[in-house]
Amino acid sequence: SGHAFARDTIQIVGSSTVYPFATVVAEKFGKKNEFKTPIIESTGSGGGIKLFCSGVGIKTPDITNSSRKIKMREVKKCNKNNVGGVTEVKIGYDGIVIANSKKTKQLEMTRMDIYLALAKDIPNPDGSQKFVPNPHKTWKDVNKTLPDIKIEVLGPPPTSGTRDAFVELALEKGGCNKIKWVKAMKKKDKTKYTAYCHSIREDGAYVEAGENDNLIVSKLDANPNALGVFGFSFLDQNSNVIQGAIIEGVNPEFSAIADGSYPVSRPLYFYVKNAHLDVIPGIREYVNEFMSDSASGDDGYLAARGMIPVLEAERAKLVPKVLSFTPM
C-alpha cells in the first residue's frame, strides 16, 4: 500500500486560544500511548483552517483547532481541495475578556461601550441616521462613567478566531444590533451592515498584538492605561497581574461563562480530516483522550487550565457524533 511513507506524528494547527489546551492533551497522550506526541502549531483559527483545507496528504495537517465554527466558504474551499469528510469536535467554551492591569481599578462597561470605543465608523452621535469615522479619543468620551484615559486596546489580528468572535459578540451583537436603524440595514443591505458592524478602528486606538497572548499580558503590566482582549484562560493564568472588566454587570468568571450569563463567550472546536484517520497513527486515540472525562469533563485537567467544559447533558450527546460529521 502507499501508506509506507506516512508520517507517524499527528500534525495540528490553528487557534491560539485552543493551543494551550491541545498542548496539554498532546503531552498526556504522548506519555500514555505508544504514539508520538503530536506536533502543534499556533497559527490562529483562520490560518489553521486555510492550511487544513489546502488538501489531503502527509504534507497537510490532520487536525485544526478553532475558536469559532468553520465558515461556509471555508467548507467550500475544503471540498474543492478534496478534503471531503471532516469531523467537528466541540470541546468547551471560552469567554473573551477585556482586561487591564491590577495596578489600576477594575472597569465596568457594556458591549455598547466597547462598540462605540473600537468600531471604525459609528452612528453619528448627533442622532442623524448615518455613520461617521469614530470621533472618540478617551473612554470618558464614550461613556461619562468610564475613566478619562486614551482608548488603547491591544488585541488579536484579523486571522484570529478570538478577534472574529470578539467582533461578532461585542461589536455586532452588543453594539450595532442594539441600534434600531442599523439593525434594519441588515435586512436591506447585509454587505454594508457587516462592513460597518465588523470593522475595527485603524487609527491607533486598537493595536494588533499578533497571536501571542503572553505578550499582551506583559504590555498591560507595563502600561496600566491600556486594555487587552484575549481568551478567559489567559486571564485565569495571569490573575495575579491583570483583571477582566465587568461586562453588563457580569464578572468574567468560570461559572458565568459556563452558564452563558457572561455576554462575550463562545464555543471552542477542533476539526479532524477523516481521510487521514487510517493513515496517520493515533488520531482516533488523540480525539478520545481530548473528549475523555479526565480531560474535558467538569473536573478534568483542561478545566484546571481555564477551559470551560461543555455541560454534562450536552457532553453526552457530543461524543457519539465525533467521527461522523461531513460538512456539505
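Definitions and cut-offs
Residues numbered from 1 in each chain as written. Predicted model: local features only at pLDDT ≥ 70, side-chain atom pairs only at ≥ 80, totals over all residues. Heavy atoms only, no water. Helix = DSSP H or I, 4+ residues; strand = E, 2+ residues; numbered from the N terminus. Rg over C-alpha atoms; globule rule 2.2 N^0.38 Å. Buried < 20%, exposed > 50% of the residue type's maximum accessible area, 1.4 Å probe, protein only. Contact = heavy atoms within 4.5 Å. Areas by Shrake-Rupley, 256 points an atom, 1.4 Å probe, with all protein chains shown as cover. pLDDT = per-residue confidence, 0-100. Salt bridge = Lys/Arg side-chain N within 4 Å of Asp/Glu carboxyl O. Axes fitted to C-alpha atoms, helices over the stretch in contact; angles between N-to-C directions. Parallel < 35°, antiparallel > 145°, perpendicular 65-115°, else oblique. Nonpolar A, V, L, I, M, F, W, Y, C, P; charged D, E, K, R; others polar. Disulfide = S-S within 2.5 Å. Pairing = 2+ DSSP bridges. Core = buried A, V, L, I, M, F, W, Y, C linked by side-chain atoms within 4.5 Å. Phe/Tyr/Trp six-rings, centres within 6.5 Å; stacked < 30°, edge-to-face > 60°.

### Things to note about the overall build of the chain
Then, in step 1: Across its full length, the chain holds 14 helices and 13 strands.
Then, in step 2: Relative to its length of 328 residues, the chain is compact, with a C-alpha radius of gyration of 21 Å against a globular reference of 20 Å.
Then, in step 3: The C-alpha extent of the chain, read off along each of the three principal axes, is 70 × 45 × 35 Å.
Then, in step 4: The buried share of the chain, taken over its 328 residues, is 54%.
Then, in step 5: For the chain, the proportion of contacts with a sequence separation of at least 24, taken over those separated by at least 6, is 72%.
Then, in step 6: By element, 53% of the accessible surface of the chain is carried by carbon and sulfur atoms, the whole surface being about 14,900 Å².

### Structural notes on the confidence of the model for the chain
Then, in step 1: Per-residue confidence for the chain gives a mean pLDDT of 90, with 94% of residues at or over 70.
Then, in step 2: Across residues 320-328, confidence stays below pLDDT 50; counting only partners more than four residues off in sequence or on other chains, it has 24 contacts.

### Let's talk about the pattern of salt bridges
Then, in step 1: Evaluation of the coordinates by the stated rule reveals 16 salt bridges.
Then, in step 2: For Glu168, the salt bridge is made with Lys173, and the minimal N-O distance between the two is 3.1 Å.
Then, in step 3: Looking at Lys173, the relative accessible area reads 39%, which means it is partly exposed.
Then, in step 4: Where Arg284 meets Asp278, a salt bridge forms, and the shortest distance between an N and an O atom there is 2.9 Å.
Then, in step 5: The exposure class of Asp278 is exposed, given its relative accessible area of 62%.
Then, in step 6: Taken together, the salt bridges that share partners define one network made up of Arg68, Lys71, Glu74 and Asp164.

### Some thoughts on the packing of helix 4 (residues 111-118) against helix 6 (residues 161-172)
Then, in step 1: Between helix 4 and helix 6, the shortest axis-to-axis distance is 7 Å and the interhelical angle comes to 110°. Considering the angle they form, helix 4 stands roughly perpendicular to helix 6. Two secondary-structure elements touch here, helix 4 through Arg111, Ile114, Tyr115 and Leu118 and helix 6 through Phe166, Leu169, Ala170 and Leu171.
Then, in step 2: Split by residue class, the contact of helix 4 with helix 6 holds 7 nonpolar, no polar and 1 charged.

### Concerning the state of the cysteines
What we call a disulfide is simply a covalent bond connecting the sulfur atoms of a pair of cysteines.
Then, in step 1: Counted according to the given criterion, the structure contains 2 disulfides.
Then, in step 2: Each sulfur of the disulfide joining Cys53 and Cys78 lies 2.1 Å from the other. Taking the sign of the S-S torsion, -80° for the link of Cys53 and Cys78, the bridge is left-handed. With a gap of 25 residues between them, Cys53 in the loop between helix 2 (45-52) and strand 3 (63-66) and Cys78 in helix 3 (residues 72-80) connect regions that are remote in the sequence.
Then, in step 3: Accessibility expressed as a relative area gives 1% for Cys53, which makes it buried.
Then, in step 4: Classification of Cys78 as buried rests on a relative accessible area of 2%.

### Considerations on the pairing of strand 10 (residues 227-231)
Then, in step 1: Across the 5 residues that make up strand 10, a large majority, 5, are buried.
Then, in step 2: With 4 bridges joining them, strand 4 (residues 86-101) and strand 10 adopt antiparallel strand pairing. Bridge pairing in strand 10 places Ala99 opposite Gly228.

### Thoughts on the packing of helix 7 (residues 180-188) against helix 8 (residues 190-197)
Then, in step 1: Where helix 7 contacts helix 8, the two axes come as close as 6 Å, and the packing angle between them is 135°. Relative to helix 8, helix 7 is oriented oblique. Contacts from Val182, Lys183, Met185, Lys186 and Lys188 of helix 7 reach helix 8 at Lys190, Lys192, Tyr193, Tyr196 and Cys197.
Then, in step 2: Looking at the contact of helix 7 with helix 8 residue by residue, the class counts come to 5 nonpolar, no polar and 5 charged.

### A short note on the environment of Phe21
Then, in step 1: Here Phe21 shows up in helix 1 (residues 19-32).
Then, in step 2: With residues near it in sequence (within four places) discarded, Phe21 still touches Ser233, Leu268, Phe290, Leu302, Arg305, Gly306 and Met307.

### Brief notes about the nonpolar core
Then, in step 1: In this structure, Met109, Ile114, Trp139 and Phe230 are the most contacted members of the largest nonpolar core, which totals 60 residues.
Then, in step 2: Of the residues forming this core, the biggest block, 6 residues, is contributed by helix 6.
Then, in step 3: Excluding its chain neighbours within four sequence positions, the residues that come into contact with Ile114 are Ile98, Met109, Phe166, Ala170, Leu171 and Ile247.
Then, in step 4: If you look at the next biggest cluster of nonpolar residues, it comprises 28 residues, including Phe29, Val89, Val287 and Ala295.

### Re the packing of aromatic side chains
Then, in step 1: The full count for this structure, using the stated rule, is 8 aromatic pairs.
Then, in step 2: A centroid spacing of 5.6 Å and a plane angle of 0° characterise the contact between Phe29 and Phe35, whose relative ring orientation is stacked. Accessibility classification places Phe29 together with Phe35 in one group, the buried group.
Then, in step 3: Note on Phe131 and Tyr196: the rings are 3.8 Å apart at their centroids and 5° apart in plane angle, and the pair reads as stacked. Residue Phe131 is found in strand 7 (residues 131-133), and its partner Tyr196 is found in helix 8; the two are separated by 65 residues along the sequence.
Then, in step 4: The buried category is assigned to Phe131, whose relative accessible area is 14%.

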